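What follows is each chain in one-letter form.
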Amino acid sequence: MSVAFAPQPALALVSRTEVRPGAPASYLMLSPTGAAGWTHDPAAATPFASMREAMRQAMRLPAAMKAYGLPHRGEMLH
């Protein structure tokens, strides 16, 4: 009997491209009411259950923000 490997979804964040060269990255932070805000601290950003969910949220934002999904790395929190 073989055991199938099922990859586990990894946490992801939504980030956006800054228009100023050298500007720090911004990460999506959703309030309890669902209002979107941006933070430069990835630890304060809203984590999504998977890259798919992060991309779905990024696609709901205005196109001018150029947001995208980004894997949530544990080392960003330290």
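Residues numbered from 1 in each chain as written. Predicted model: local features only at pLDDT ≥ 70, side-chain atom pairs only at ≥ 80, totals over all residues. Heavy atoms only, no water.

A. View of the overall build of the chain. Across its full length, the chain holds one helix and four strands. In sequence order, the chain lays out its α and β elements as β-β-β-α-β. In the chain, buried positions account for 28% of the 78 residues. For the chain, restricting intrachain contacts to residue pairs at least 6 apart in sequence, the fraction spanning at least 24 positions comes to 50%. (Helix = DSSP H or I, 4+ residues; strand = E, 2+ residues; numbered from the N terminus. Buried < 20%, exposed > 50% of the residue type's maximum accessible area, 1.4 Å probe, protein only. Contact = heavy atoms within 4.5 Å.)

B. The arrangement of the side chain of Ser15 in detail. One can find Ser15 in strand β1 (residues 12-16). Of the polar contacts made by the side chain of Ser15, one reaches the backbone oxygen of Ser26; its length is 3.0 Å. With residues up to four places along the chain from it excluded, the contact list for Ser15 reads Ala25, Ser26, Tyr27, Trp38, Lys66, Ala67, Tyr68 and Leu70. (Polar contact = N/O pair within 3.5 Å; in protein donor to acceptor, adjacent residues only side chain to side chain.)

C. Representation of the nonpolar core. One finds Ala12, Val14, Leu28, Phe48, Ala54, Ala58, Leu61 and Ala67 forming the largest nonpolar core, which totals eight residues. For this core, the secondary-structure elements that each account for two or more residues are β1 and α1 (51-60). In contact with Leu61, not counting residues within four places along its chain, are Val14, Trp38 and Ala67. (Core = buried A, V, L, I, M, F, W, Y, C linked by side-chain atoms within 4.5 Å.)

D. Spatial organisation of the sheet that holds strand β3 (residues 36-39). Ordered in space as β3-β2-β1-β4, the four strands form an open sheet in which the pairing is antiparallel. Both outer strands of the open sheet, β3 and β4 (67-71), are each paired with one neighbouring strand and no more. Within the sheet, the average angular offset between the axes of one strand and its neighbour, ignoring direction, is 45°. Where β1 lies against strand β2 (residues 26-30), two bridges are found, and the strand directions are antiparallel. Bridge pairing links Ser15 to Tyr27 in β2. (Pairing = 2+ DSSP bridges. Axes fitted to C-alpha atoms, helices over the stretch in contact; angles between N-to-C directions.)

E. Structural detail: α1. Among all positions in α1, only Ala54, Gln57 and Ala58 are buried. Buried residues of α1 fall within an arc of 100° about the axis and therefore sit on the same side. Exposed positions of α1 whose direction lies more than 90 degrees from the buried face are Arg52, Met59 and Arg60. On the buried face of α1, the contacting elements are β1, β2 and β4. (Arc of directions from axis to C-beta.)

Shape is all these values report; function is a separate question.
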